[in-house]
Structure formats: structure tokens, C-alpha cells
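# A structural walkthrough
Each chain, written out:
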Amino acid sequence: MSVRFVPIVPTARAAALHWEFHNRLYARAGRARLLSQISQLQIAINRYVLPVWQSVGLSEDWDDSHLAILNAVRTGDVTSAAQMTA
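What comes next concerns the included structure. If you're wondering where the values come from, they're calculated on a predicted model, not measured in any experiment.

A separate point is the environment of Ser-36. Examined against the element boundaries, Ser-36 turns out to sit in helix 2 (residues 32-56). Residue Ser-36 is classed as partly exposed on the basis of its relative accessible area of 41%. Put simply, Ser-36 and Asn-23 are 13 residues apart on the chain and 9.4 Å apart in space, counted from C-alpha to C-alpha.

Here you go:
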């Protein structure tokens, strides 16, 4: 079963879900200060990336790459998950 979780035109809500997805992965590292810094960076850049996402669109493999990260985490393949989020 293929799950598609991004609207055709990304919205502010989709961007928030995108950051939440990554932050949940980063939180597992147990580095609260780094996660806080990443969150602040996401807030700062969101005003720039969201218009680009909306005008240019997302890469065709955007869903697939995020599903691959999720599958790596689910199967305990930490090395692959880390490489895909680096």
C-alpha cells in the first residue's frame, strides 16, 4: 500500500507536518539543545522554502524519500535513516 501524504500544492500545514516528521526523528537522538536550534532554523527558513515549494513544487521522489526514511526507522536500520536525513 502506497501512502501519499503531501498535497499537490504544499501549504503551511504541509510544511509544519514536514518539519514535525523530521523533528520526531531528531528527537530520538536525545539532544534537546540541538533539536531546539533546528526548530528555530526551520521557523526562520520556512518563509523562504514554502513559497518555493508552492511555486516550483516538490521533487517527484519526495514522498518516496520520506517513506524510505520511515521504513528504515521502522526496521531499525539506523545507519540508513541517518544517511537519508543528513
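Turning our attention to the side chain of Asn-23. Tracing the backbone through its elements, the reader meets Asn-23 in helix 1 (residues 12-27). Residues in contact with Asn-23, not counting those within four places in the same chain, are Leu-35, Ile-38, Ser-39 and Gln-42.

In this section: helix 2. With 25 residues, helix 2 extends 33 Å from end C-alpha to end C-alpha; this agrees with the ideal 36 Å at 1.5 Å per step. Here helix 2 has its buried residues at Gln-42, Asn-46, Leu-50 and Trp-53. In this structure, the buried residues of helix 2 make contact with helix 1.

All right, on to helix 3 (residues 62-74) then. In a regular helix each residue adds 1.5 Å, so 13 residues correspond to 18 Å; helix 3 covers 19 Å between its end C-alpha atoms and thus fits that length. Among the residues of helix 3, Trp-62, Asp-63, His-66, Leu-67, Ile-69 and Ala-72 are the ones counted as buried. On its buried side, helix 3 packs onto helix 1 and helix 4 (78-85). Following helix 3 by one or two positions, Gly-76 has its phi on the positive side, about 80°.

Attention shifts here to the packing of helix 1 against helix 3. Taken N-terminus to C-terminus, the directions of helix 1 and helix 3 make an angle of 25°; their axes are 12 Å apart at the nearest point. Classed by the angle they form, the pair helix 1 and helix 3 counts as roughly parallel. The two elements helix 1 and helix 3 cross, and the hand of that crossing is left-handed. For the pair formed by helix 1 and helix 3, the contact residues are His-18, Phe-21, His-22 and Leu-25 on the first element and Trp-62, His-66, Ile-69, Leu-70 and Val-73 on the second. Residue classes in the contact of helix 1 with helix 3 are distributed as six nonpolar, three polar and no charged.

Analysis parameters
- Residues numbered from 1 in each chain as written.
- Predicted model: local features only at pLDDT ≥ 70, side-chain atom pairs only at ≥ 80, totals over all residues.
- Heavy atoms only, no water.
- Helix = DSSP H or I, 4+ residues; strand = E, 2+ residues; numbered from the N terminus.
- Buried < 20%, exposed > 50% of the residue type's maximum accessible area, 1.4 Å probe, protein only.
- Contact = heavy atoms within 4.5 Å.
- Expected span 1.5 Å × (residues − 1).
- Axes fitted to C-alpha atoms, helices over the stretch in contact; angles between N-to-C directions.
- Parallel < 35°, antiparallel > 145°, perpendicular 65-115°, else oblique.
- Left-handed = near helix turned anticlockwise from the far one by under 90°.
- Nonpolar A, V, L, I, M, F, W, Y, C, P; charged D, E, K, R; others polar.

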